[in-house]
Amino acid sequence: MTEPLTSPARPILSIEGLSKQFGDHTAVDDVSLDVRPGEVVAIIGPSGSGKSTLLRCINLLESPTTGRITVGGIPTEVDGKVSQRELVALRRKVGMVFQSFNLFPHLTVLRNISLPQERVLGRSRAEADARSMALLEQVGLASKASSHPPRCSGGQQQRVAIARALALDPSVMLFDEPTSALDPELGLEVLSVMRQLADEGMTMIVVTHEIHFASDVADRLIVMADGRIIEQGDPKTVIDDPQVERTRTFLSAIRDR
Amino acid sequence: MSTSLINDWGEWLPRLWDGLLVSLQVTGLSLVLGFVIGLGFALLSSAGSGLVRWPAILLVEIGRGMPALVMLQLVYFGLPGVGITFDAFPATVVALTLTTAAYTSEIIRAGLRAVPAGELEAADALGLSHVDAMRFVVIPQGLRIALPTLMGFAILIFQVSALAYSLGLPELLGQAYSIGAATFRYLDVLVLAGLLYLAITIPASWLVDRLERRLSKHLG
Ligand SMILES: Nc1ncnc2c1ncn2[C@@H]1O[C@H](COP(=O)(O)OP(=O)(O)O)[C@@H](O)[C@H]1O
Ligand SMILES: [Mg+2]
């Protein structure tokens, strides 16, 4: 029960033997991971354990040293060089939300969401704006469409960032500590949007320290340390009864905060 | 005595005014051409490929290291030696354009670098091409960040344009000199010319200040 490695559905995302080296430091060490369509995977682990690097390797913001990434059945061998075409193909299927939102502050909220649709998917301005407005509605920010990001709260900015990524119709969404830069109340509005997304069946990988979110929303919890997956399984089981000593230490450390 | 000074100034003013217009023309042309070339060099000198970057950086450093007076003399007196001859006006524009391009490319490059790396990562993650990321994300913001410094530099180039008197260009200082040579009233005419320079530079600096304050409020 703790290791649902054989799943009925074909994985929508499959990572095989992924490693990332920075000089002689191994940030991600031979990680393999299959994610089923609609599955929500939460990743926790101490700072420096390679969580961000793993996510960044999945959409090739960081080029992995070795490994293979398969999204929607199309594999990308990442040993050495990846072609520009493979890169674009992979990124179209993978959306990413950053800890620091990374909206474009000189563009309105609406332009932030519409511009990538026009440039990446070739949608017309009208199509793109219609989709953007629908998404803004969904994340509760339709009234902010013509504001600039610096005029929005952090929680609002992060919700816009989520809408911006969703607008490209990704198969998988990656979240790298999406609430870590936010005050708790603002974090909650972001978490509730993510929860809604999970309910709608979006496949998600979420690096987070929000243990409640992980145990309520995630289908699987992965614990990383030193670039490796040290434990994984049903979130409640892992949280209530960790099998690995380091998981236990880490969980009590974040509970004490 | 003071009324006669004012009379003389009134008499000199039309020629000095013509000179001021020439100064503004060479400055304006050099700035427009220089900014465009400067943006090009800013992009080349932040290119990923060293084969593109290093030659661009070298040219910019030569342009910045060369005193504007030397640049002017080189274009006007030096280039005829290799068969390229300019009148004083185009020679001034060419020289000041080169100086402007070299300096503004550094100013713009600093502006482009100040755009947070996270935004470029987001552009990458969204699948925007590098060209699109530059065009829609980095350049608009980089230029906005660089704008106050660019405008400060524009004021400086207006002042530097006075060096073109050494090519015999009838700009403001050149006109003042020729009036001085005819009347031996160098002090009086140079003071008037100086006041005309200040009539441009002081309001311009004030505008730059205001712009800087407005922009920092908007981007904050
Ligand atoms: N660009 C980089 N260059 C060198 N080392 C890096 C780089 N990015 C991450 N690292 C290192 O890789 C390790 C994992 O980092 P990271 O993936 O950010 O961990 P986490 O997100 O779990 O805190 C850390 O030791 C970090 O210092
Ligand atoms: Mg991290």
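Residues numbered from 1 in each chain as written. Chains lettered and ligands numbered in written order. Predicted model: local features only at pLDDT ≥ 70, side-chain atom pairs only at ≥ 80, totals over all residues. Heavy atoms only, no water.

Within an unreviewed UniProt entry, the label attached to chain B reads Amino acid ABC transporter permease, and the organism entered is Aeromicrobium endophyticum. The Sequence similarities (unreviewed entry) comment attached to chain B in UniProt states, word for word, "Belongs to the binding-protein-dependent transport system permease family." Looking at the Subcellular location (unreviewed entry) heading of the UniProt record, one finds this comment for chain B: "Cell membrane". (UniProt positions renumbered as here; feature names shortened; annotations may be inferred.)

Going by an unreviewed UniProt entry, chain A carries the name ABC-type polar-amino-acid transporter and comes from Aeromicrobium endophyticum. The UniProt entry for chain A carries the following text under Catalytic activity (unreviewed entry): "a polar amino acid(out) + ATP + H2O = a polar amino acid(in) + ADP + phosphate + H(+)".

A. Focus on the overall build of chain B. Helix and strand content of chain B: eight helices and zero strands. Secondary structure elements of chain B occur, N-terminal to C-terminal, as α-α-α-α-α-α-α-α. Projected onto the principal axes, the alpha-carbon positions of chain B cover approximately 75 × 50 × 20 Å. When each of the 220 residues of chain B is scored for burial, the buried share is 41%. Taking the contacts inside chain B whose residues are at least 6 apart along the sequence as the reference set, 79% of them involve residues at least 24 apart. Of the roughly 11,300 Å² of accessible surface on chain B, a fraction of 71% belongs to carbon and sulfur atoms. Positive and negative charge centroids in chain B, built from 12 and 14 side chains respectively, lie 7 Å apart. (Helix = DSSP H or I, 4+ residues; strand = E, 2+ residues; numbered from the N terminus. Buried < 20%, exposed > 50% of the residue type's maximum accessible area, 1.4 Å probe, protein only. Contact = heavy atoms within 4.5 Å. Areas by Shrake-Rupley, 256 points an atom, 1.4 Å probe, with all protein chains shown as cover. Lys, Arg positive; Asp, Glu negative; His and termini not counted. Charge placed at Lys NZ, Arg CZ, Asp CG, Glu CD.)

B. Fine view of the site of ligand 1. Residue and element names in this part refer to chain A. Every residue near ligand 1 is listed here: F22, H25, A27, P46, S47, G48, S49, G50, K51, S52 and T53. The separation between an oxygen atom of ligand 1 and a polar side-chain atom of S52 is 2.7 Å. The side chain of T53 places a nitrogen or oxygen atom 2.5 Å from an oxygen atom of ligand 1. Contact with the protein chains hides 60% of the accessible area of ligand 1, taken as 560 Å² for the molecule alone. Looking at the shell around ligand 1, the elements that each hand over two or more residues are β2 (25-35) and α1 (51-58). With three residues, the single largest contributor to the shell around ligand 1 is α1. (Near = heavy atom within 4 Å. Polar contact = N/O pair within 3.5 Å; in protein donor to acceptor, adjacent residues only side chain to side chain.)

C. Layout of helix α9 (residues 245-255) of chain A. All names here are of chain A. Residues of α9 that are buried include every one of T247, F250, L251 and I254, and no others. Axial view of α9: buried residues confined to an arc of 100°, hence all on one face. For α9, the secondary structure elements touched by its buried residues are β3 (40-44), α7 (211-217), β9 (220-225), β10 (228-233) and α8 (235-240). (Arc of directions from axis to C-beta.)

D. Representation of the packing of helix α4 (residues 88-113) of chain B against helix α6 (residues 130-160) of chain B in the model. Residue and element names in this part refer to chain B. Relative orientation of the contacting elements α4 and α6 amounts to 145°, with a least axis distance of 8 Å. Note that α4 runs across α6; the crossing there is right-handed. Contacts between α4 and α6 involve L96, T99, T100, Y103, T104, I107, I108, G111 and L112 on the former and, on the latter, V138, I139, G142, L143, I145, A146, T149, L150, F153, I157 and V160. The class makeup of the residues in the contact of α4 with α6 is 14 nonpolar, six polar and no charged. (Axes fitted to C-alpha atoms, helices over the stretch in contact; angles between N-to-C directions. Left-handed = near helix turned anticlockwise from the far one by under 90°. Nonpolar A, V, L, I, M, F, W, Y, C, P; charged D, E, K, R; others polar.)

E. Here's a closer look at the interface of chain A and chain B. On the side of chain B, 18 residues touch chain A, which itself brings 20 residues to the contact. Between chain A and chain B lies a buried interface of about 1,800 Å² when both sides are counted; carbon and sulfur atoms form 62% of it. Considering only the surface of chain A that becomes buried against chain B, F104(A), H106(A) and R119(A) emerge as the three largest contributors, covering 32% of it. Linking chain A with chain B are two salt bridges, by the criterion used here. (Buried area = accessible area lost by both parts, 1.4 Å probe. Salt bridge = Lys/Arg side-chain N within 4 Å of Asp/Glu carboxyl O.)

F. Focus on unusual backbone geometry. Residues and elements named next belong to chain A. For N102, which is not a glycine, the phi torsion comes out positive at approximately 55°. Inspection of the secondary structure puts N102 in the loop between β6 (94-97) and α3 (109-121). Residue D226 is not a glycine yet carries a positive backbone phi of 50°. Mapping D226 onto the fold places it in the loop between β9 and β10.

G. Geometry of helix α7 (residues 172-183) of chain B. Residues and elements named next belong to chain B. Between its terminal C-alpha atoms α7 stretches 17 Å, which fits the 16 Å expected from twelve residues at 1.5 Å a residue. Between a side-chain oxygen at the N-terminus of α7 and the backbone nitrogen of L173 the separation is 3.1 Å; the capping residue is E171. Taken from the residues just after α7, F184 is the one with a positive phi, measuring 55°. (Expected span 1.5 Å × (residues − 1).)

H. Quick peek at the side chain of T208(A). The topology assignment puts T208(A) in the loop between β8 (203-207) and α7. The buried category is assigned to T208(A), whose relative accessible area is 2%.

I. Representation of the pattern of salt bridges in the model. Under the criterion given, the structure shown has 18 salt bridges over all chains. With its nearest N and O atoms 3.6 Å apart, the salt bridge here joins R68(A) to E16(A). With a gap of 52 residues between them, R68(A) in strand β4 (residues 66-71) and E16(A) in strand β1 (residues 13-22) connect regions that are remote in the sequence. Here D8(B) and R185(B) are joined by a salt bridge, their closest N and O atoms 2.7 Å apart. Taken as a pair, D8(B) in helix α1 (residues 2-44) and R185(B) in the loop between α7 and α8 (186-219) lie far apart in primary sequence, 177 residues in all. Exposure remark for D8(B): the relative accessible area of 17% places this residue in the buried category. Overlapping salt bridges, with partners in common, bring together R36(A), E39(A) and R220(A) in one network.

J. Inspection of the environment of T66(A) at higher detail. Tracing the backbone through its elements, the reader meets T66(A) in strand β4. A sequence separation of 35 residues divides T66(A) from F101(A), and the C-alpha atoms of the two residues are 29 Å apart.

K. The arrangement of the sheet that holds strand β5 (residues 74-77) of chain A in detail. All names here are of chain A. Spatially, four strands are ordered β2-β1-β4-β5 in an open sheet, and the strand pairing comes out antiparallel. The open sheet is flanked by β2 and β5, the only strands paired with a single partner. Along the sheet, successive strands turn relative to each other by an average axial angle of 20°, direction set aside. Here α1 sits on the sheet in contact with β1, β2 and β4, set at roughly 120° to β1. Of the strands in this sheet, β4 and β5 are in contact with helix α2 (residues 84-93), which crosses β5 at around 125°. (Pairing = 2+ DSSP bridges.)

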